[in-house]
Amino acid sequence: MLTEEKVNRLEASLAKLLDDAGATYAFLADMGGNLICSAGRSDFDGTSLAVLSAANFAATREMASLIGEKDFSLLFHRGENENIHFTRINPDVLLIVLFKPYLSLGLLRLKVENVKKEIASVF
Amino acid sequence: MAIINLKEKKIQVKIVYYGPGRSGKTTNLRYIFKKLQEKYGESLKSNLISIDTKGERTLFLDFLPVGLGQINGLDLNLQLYTTPGQVIYESTRKLVLRGVDGVVFVADSLATRKEANVESYQNLLTNLKEYGLTTEDIGLAFQWNKQDLQEKGIPVMDAKSMEDLLQVGQDVPTFSASALQGTNVLKTLNIVAKLTVSKVLKKMIGIEG
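These numbers were taken from a predicted model, which means no experiment stands behind them. (Residues numbered from 1 in each chain as written. Chains lettered and ligands numbered in written order. Predicted model: local features only at pLDDT ≥ 70, side-chain atom pairs only at ≥ 80, totals over all residues. Heavy atoms only, no water.)

J.: A description of the interface of chain A and chain B should follow, citing residues and the corresponding values.
T.: Listed as interface residues are 24 residues of chain A and, on the opposing side, 21 residues of chain B. Buried surface at the junction of chain A and chain B, both sides included, amounts to about 2000 Å², of which 60% is carbon and sulfur. Linking chain A with chain B are two salt bridges, by the criterion used here. Taken together, chain A and chain B are joined by eleven residue pairs in polar contact (both at pLDDT 80 or more). Elements with a contribution of two residues or more to the side of chain A that touches chain B: α1 (4-21), β2 (35-40) and α2 (46-66) of chain A. Per-class residue counts for the side of chain A that touches chain B are twelve nonpolar, seven polar and five charged. (Contact = heavy atoms within 4.5 Å. Buried area = accessible area lost by both parts, 1.4 Å probe. Salt bridge = Lys/Arg side-chain N within 4 Å of Asp/Glu carboxyl O. Polar contact = N/O pair within 3.5 Å; in protein donor to acceptor, adjacent residues only side chain to side chain. Helix = DSSP H or I, 4+ residues; strand = E, 2+ residues; numbered from the N terminus. Nonpolar A, V, L, I, M, F, W, Y, C, P; charged D, E, K, R; others polar.)

J.: Give me the lowdown on the pairing of strand β5 (residues 74-82) of chain B, citing residues and values where you can.
T.: Residue and element names in this part refer to chain B. Among the nine residues of β5, seven are classified as buried, and the element is accordingly described as predominantly covered. When strand β2 (residues 10-18) meets β5, the two strands line up parallel, connected through eight bridges. Bridge pairing in β5 places Val-13 opposite Leu-78. Here eight bridges tie strand β4 (residues 58-71) to β5, and the two strands are oriented antiparallel to one another. Within β5, the position partnered with Phe-63 by the bridge is Tyr-81. The loop that links β4 with its antiparallel partner β5 comprises two residues; one of these, Asn-72, has a positive phi angle of about 50°. (Buried < 20%, exposed > 50% of the residue type's maximum accessible area, 1.4 Å probe, protein only. Pairing = 2+ DSSP bridges.)

J.: Hey, could you go over the sheet that holds strand β1 (residues 25-30) of chain A for me, with residue numbers and the actual values?
T.: In any sheet, the strands associate via hydrogen bonds between backbone groups, in a parallel or an antiparallel arrangement. All names here are of chain A. If you trace the five strands from one edge of the open sheet to the other, you get β2-β1-β5-β4-β3, paired in antiparallel fashion. Because the sheet does not close on itself, it has two edges, and the strands there are β2 and β3 (75-77). Sheet twist, expressed as the average angle between the axes of neighbouring strands with direction ignored, equals 15°. With seven bridges joining them, strand β4 (residues 83-90) and strand β5 (residues 93-99) adopt antiparallel strand pairing. Looking across to β5, one finds that Arg-88 is bridged to Leu-94. Sheet strands touched by α2: β1, β2, β3, β4 and β5. Its angle to β1, the strand with the most contacts, is close to 65°. Strands in contact with helix α3 (residues 105-120) are β1, β3, β4 and β5; relative to β4, the strand with the most contacts, it is inclined by about 30°. (Axes fitted to C-alpha atoms, helices over the stretch in contact; angles between N-to-C directions.)

J.: Pulling in residues and values, what's your account of the packing of α1 of chain A against α3 of chain A?
T.: Residue and element names in this part refer to chain A. At their nearest, the axes of α1 and α3 sit 10 Å apart, and the two run at 165° to each other. Classified by the interaxial angle, the pair formed by α1 and α3 is roughly antiparallel. Note on packing geometry: the crossing formed by α1 with α3 is right-handed. Of α3, the residues touching α1 (which contributes Leu-10, Ser-13, Leu-14, Lys-16, Leu-17, Asp-20 and Ala-21) are Leu-108, Lys-111, Val-112, Val-115, Glu-118 and Ile-119. Each residue belonging to the contact of α1 with α3 can be placed in one class, and the counts come to eight nonpolar, one polar and four charged. (Parallel < 35°, antiparallel > 145°, perpendicular 65-115°, else oblique. Left-handed = near helix turned anticlockwise from the far one by under 90°.)

J.: Describe a nonpolar patch on the surface, with residues and values.
T.: Residues and elements named next belong to chain A. Side chains of Met-63, Leu-66, Ile-67 and Phe-72 sit close together on the surface and give an oily, nonpolar patch of about 460 Å² of accessible area. If you trace the backbone, Met-63 turns up in helix α2. Met-63 gets classed as partly exposed once you look at its relative accessible area, which sits at 49%. (Patch = residues over 30% accessible without salt bridge, like charges linked within 9 Å, V, L, I, M, F, W, Y side chains within 5 Å. Areas by Shrake-Rupley, 256 points an atom, 1.4 Å probe, with all protein chains shown as cover.)

J.: So, the layout of surface pockets: which residues are in play, and what are the values?
T.: If you add up the space inside the largest pocket, you get close to 570 Å³. Surrounding the largest pocket, 25 residues form its lining, Asp-30 and Asp-92 of chain A together with Met-1, Ala-2 and Ile-3 of chain B being those nearest its centre. For the lining of the largest pocket, the secondary structure elements donating two or more residues are β1 (3-5) and α5 (185-205) of chain B. When the residues that make up the lining of the largest pocket are grouped by side-chain class, the tally is 16 nonpolar, three polar and six charged. (1 Å grid on protein atoms, 1.4 Å probe; cavity = no way out; pocket = protein on both sides within 12 Å on 5 of 7 lines; lining within 4 Å. Points joined across faces, edges and corners; volume = space filled by probe spheres on them.)

J.: An account of the pairing of β4 of chain A is requested, with residue identities and associated values reported.
T.: Residue and element names in this part refer to chain A. Within β4, six of the eight residues are buried, which leaves it mostly tucked inside the rest of the structure. Two elements, β3 and β4, share three bridges in a ladder whose sense is antiparallel. Residue pairing for β4: Leu-75 is matched across the bridge by Phe-86. Linking β3 back to β4 in an antiparallel pair, the connection comprises five residues. The turn linking β4 back onto β5 is made up of two residues.

Treat this as a map of the structure, not an account of what it does.
So, in structure tokens, the structure goes:
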């Protein structure tokens, strides 16, 4: 159950991440495909993105397992207009960030690491 | 697992359509989507997402979000999923089932698909168990699809035979249906949604939905 206070804290963390990293859109999804909350541009279909992100992440983990890897340390797709980066907050929650191709992936990963603990503490 | 968001005043539950290959799971969702489009036209925000093969068999999942009014002052959002029915897609089927709150078991009423139904249902029980769930923990309804084929002289199992085949409990709702024609598709969804929300509310906040 997400109380109003929890959602506010999560949205604040996402907004701060977008500010620090200069990213476009960030959202939290659970591994069942539910959109938990989001921040940034409002014209993305967050509901569908959450479902596909969870499916993508889960499928990639299975692939890692099949080839003898515990997990992949980076899950990232490069696009022409937006890149998308996935990271796991805890076993049940994903953080997905969309950012422009001219932004540094390394910087984004750093900012994501900084915000992970903050988000994890809410759950 | 269901999400209750008290800030946005909404409850979100996951309902998965499960069953053997070609039983009509995707056809159910397509029918529901078609009805939503007819009702809301261009103002419909929901989209049916399908990850399928070129032969139109579900490869990973279909997904359709459906708003279903309010319950206990919260907007009720259903996340409808289908799983790939073919046996080789077991690993992806398990992934889609994660976080499930309700299941519609879409059985194929064709007499030739008897064993496929049993195998698929056993598979559902096994996969639920891996997530620490039994059929008591979720909303569950059975749909005996393709009953309309009887009119065309194709041998189908009747509802009683299907219930005996899958050992359906007395309290579990079952529906004879034709997903292609839409018979009992919405009724199945309505009932499983009510059951699912009731279980979720009871589990999460201890009230009867």
